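Below are the chains, spelled out letter by letter.
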Amino acid sequence: VSTQSTWETNMSAVATEARRELHPFFPSYDEAFLKVSGNHTIWYEQSGNPEGKPVVVLHGGPGGGSSPFYRQYFDPKVYRVIIFDQRGCGKSTPAACLENNTTWDSVRDIEVLRTHLKIDRWVVFGGSWGSTLALAYAETHPDRVKALILRGIFLLRHKELHWFYQEGASYIFPDAWEKFIAPIPPAERNHLMSAYHRRLTGTDEAAKNECARAWAGWEMTTSRLHVDPELVAKAEGDEFAVIFSRIECHYFVNAGFFDHDGALLTNAHKIQNIPGVIVQGRYDLVCPAYSAWDLHKVWPKGELKMIPDAGHSCKEPGIVSELVKAAEKFSDL
């Protein structure tokens, strides 16, 4: 069956099937800190069934931190849900630290956590930057991954970063774009990520906070099909904004610490035997749908679910539904 016909069948199913909702909220049964390097300690929690199928949840950003509602994509009777805050964000310490904070440090941290929890293999769940990290981890340790559940695909290629931080998404949200570029003098706007990086890592605290709020505000404004004022307001808090913006910008000006552009696609042959689901909002402005399509073409076992009425957020109803279904799909692995 061709990629096109398989995709058309999947899209027809997405459009006609009844939508699922999150599982009711349930508490964690364990949380702790784990030292992963000389200067970094990560926070993690476990919830659901201690004897259940293990799944690790990789949050977005990088620098976004985790949220308790991530548990609710999974049936607590079936899954042992492991959630953690990546280096420098959420409850992990030290906050906003960029030293020894790269994609490959995070890949190693996932393995340290898996070994610490005495888990042999697990399902890996991640959206946005979490999909980037999930792919990097799976391509490095394919023998440890039962399945991949990915949302809002971000391959961290130059063209994706250019689209969102230089020219592209700016045409759809010109009003929000004006606010994004406002802290940067016109003479430096030919490379906005670099201009932001200088300020987010500089010693001028006022400039750092202003840029952090503007950087975070741009992403929060564009993350949903319909702008969510509550999400936008989150960017106004200096503590979250600085952590989120510093870490994101650090990763992006370093091209994700990959050795070449498009590395995750180049190495996709390493996950050819891993089943997966790709959930993508058709109108995702943060991580446009072409990346999900490009991944699907080189990873046939990655079943693509294109959501016709969604943007980027993992909270949008169509995306929630397909993520819950994906978790059910792999519950018997």
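Computed from a predicted structure; not experimentally measured.

1. Some points on helix α7 (residues 205–222)
For α7, which comprises 18 residues, the first-to-last C-alpha distance of 26 Å matches the rise-based estimate of 26 Å (1.5 Å per residue) to within 8%. Across the 18 residues that make up α7, a large majority, 14, are buried.

2. Comments concerning the pairing of strand β6 (residues 145–151)
Burial of β6 is extensive: seven of the seven residues sit out of reach of the surface. As judged from the six bridges shared by strand β5 (residues 122–127) and β6, these two strands associate in the parallel manner. Counterpart to Val-124 in the pairing with β6 is Leu-148. In this fold, β5 hands off to helix α3 (residues 129–140), which returns the chain to β6; that crossover is right-handed.

3. Some remarks on the sheet that holds β6
Here we have eight strands laid out as an open sheet, ordered β1-β2-β4-β3-β5-β6-β7-β8, and mixed in their pairing. If you trace the sheet from one side to the other, it starts and ends with β1 (28–35) and β8 (302–307), each paired once. Here the average twist between neighbouring strands, direction ignored, is 20°. As defined by bridge partners, β6 adjoins strand β7 (residues 276–281) across four bridges and the pair is classed as parallel. Within β7, the position partnered with Leu-148 by the bridge is Gly-276. Relative to the sheet, helix α12 (residues 317–329) contacts β4 (79–84), β5, β6, β7 and β8, its axis offset from that of β7 by approximately 175°.

4. What about the packing of helix α6 (residues 192–200) against helix α9 (residues 238–253)?
Interaxial distance between α6 and α9 falls to 9 Å at its minimum, and their mutual angle equals 135°. In terms of orientation, α6 lies oblique with respect to α9. Relative to α9, α6 is oriented so that their crossing is left-handed. In contact with Met-193, Ser-194, Tyr-196, His-197 and Leu-200 of α6, α9 contributes Ser-245, Arg-246, Cys-249, His-250, Phe-252 and Val-253. Classifying every residue of the contact of α6 with α9 gives six nonpolar, four polar and one charged.

5. Quick notes on unusual backbone geometry
At the junction of Gly-61 and Pro-62, the peptide bond is cis and its omega measures out at 0° in the coordinates. Along the polypeptide, Pro-62 turns up in the loop between β3 (53–58) and β4. That bond from Thr-93 to Pro-94 is cis: its omega, -5°, falls within 30 degrees of zero. For Pro-94, the location among the structural elements is in the loop between β4 and α2 (103–116). In this structure, Asn-100 takes a positive phi of about 50° despite not being glycine. By secondary structure assignment, the location of Asn-100 is in the loop between β4 and α2. Taking relative accessible area as the criterion, Asn-100 reaches 39% and is therefore assigned partly exposed.

6. A word on the pattern of salt bridges
Charged atoms that come close allow side chains of opposite charge to pair. Counted according to the given criterion, the structure contains 22 salt bridges. Of the charged contacts, one joins Asp-309 and Arg-19 as a salt bridge, the two residues approaching to 2.7 Å between their closest N and O atoms. Taken as a pair, Asp-309 in the loop between β8 and α12 and Arg-19 in the loop between α1 (3–16) and β1 lie far apart in primary sequence, 290 residues in all. On the accessibility criterion, Asp-309 (36% relative accessible area) is partly exposed. The salt bridge involving Lys-325 is made with Glu-322; its shortest N-O contact spans 3.5 Å. Taken together, the residues span about one helical turn, with Lys-325 and Glu-322 both in helix α12 at a distance of three residues. Through salt bridges with shared partners, one network takes in Arg-87, Asp-105, Arg-108 and Asp-109.

7. Some details on the packing of α6 against α7
Packed helices, taken two at a time, are described by the angle their axes make and the gap between the axes. It is the contact of α6 with α7, at a shortest axis distance of 8 Å, that shows an interaxial angle of 135°. In terms of orientation, α6 and α7 fall into the oblique class. Pair α6 / α7 crosses with left-handed handedness. On the side of α6, the interface is formed by Met-193, Tyr-196, Arg-199 and Leu-200, while α7 contributes Lys-208, Cys-211, Ala-212, Ala-214 and Trp-215.

Reading the values: the criteria
Residues numbered from 1 in each chain as written. Predicted model: local features only at pLDDT ≥ 70, side-chain atom pairs only at ≥ 80, totals over all residues. Heavy atoms only, no water. Helix = DSSP H or I, 4+ residues; strand = E, 2+ residues; numbered from the N terminus. Expected span 1.5 Å × (residues − 1). Buried < 20%, exposed > 50% of the residue type's maximum accessible area, 1.4 Å probe, protein only. Pairing = 2+ DSSP bridges. Right-handed = clockwise from strand over helix to strand, strands pointing away. Axes fitted to C-alpha atoms, helices over the stretch in contact; angles between N-to-C directions. Contact = heavy atoms within 4.5 Å. Parallel < 35°, antiparallel > 145°, perpendicular 65-115°, else oblique. Left-handed = near helix turned anticlockwise from the far one by under 90°. Nonpolar A, V, L, I, M, F, W, Y, C, P; charged D, E, K, R; others polar. Salt bridge = Lys/Arg side-chain N within 4 Å of Asp/Glu carboxyl O.

That is the geometry; function is a separate question.
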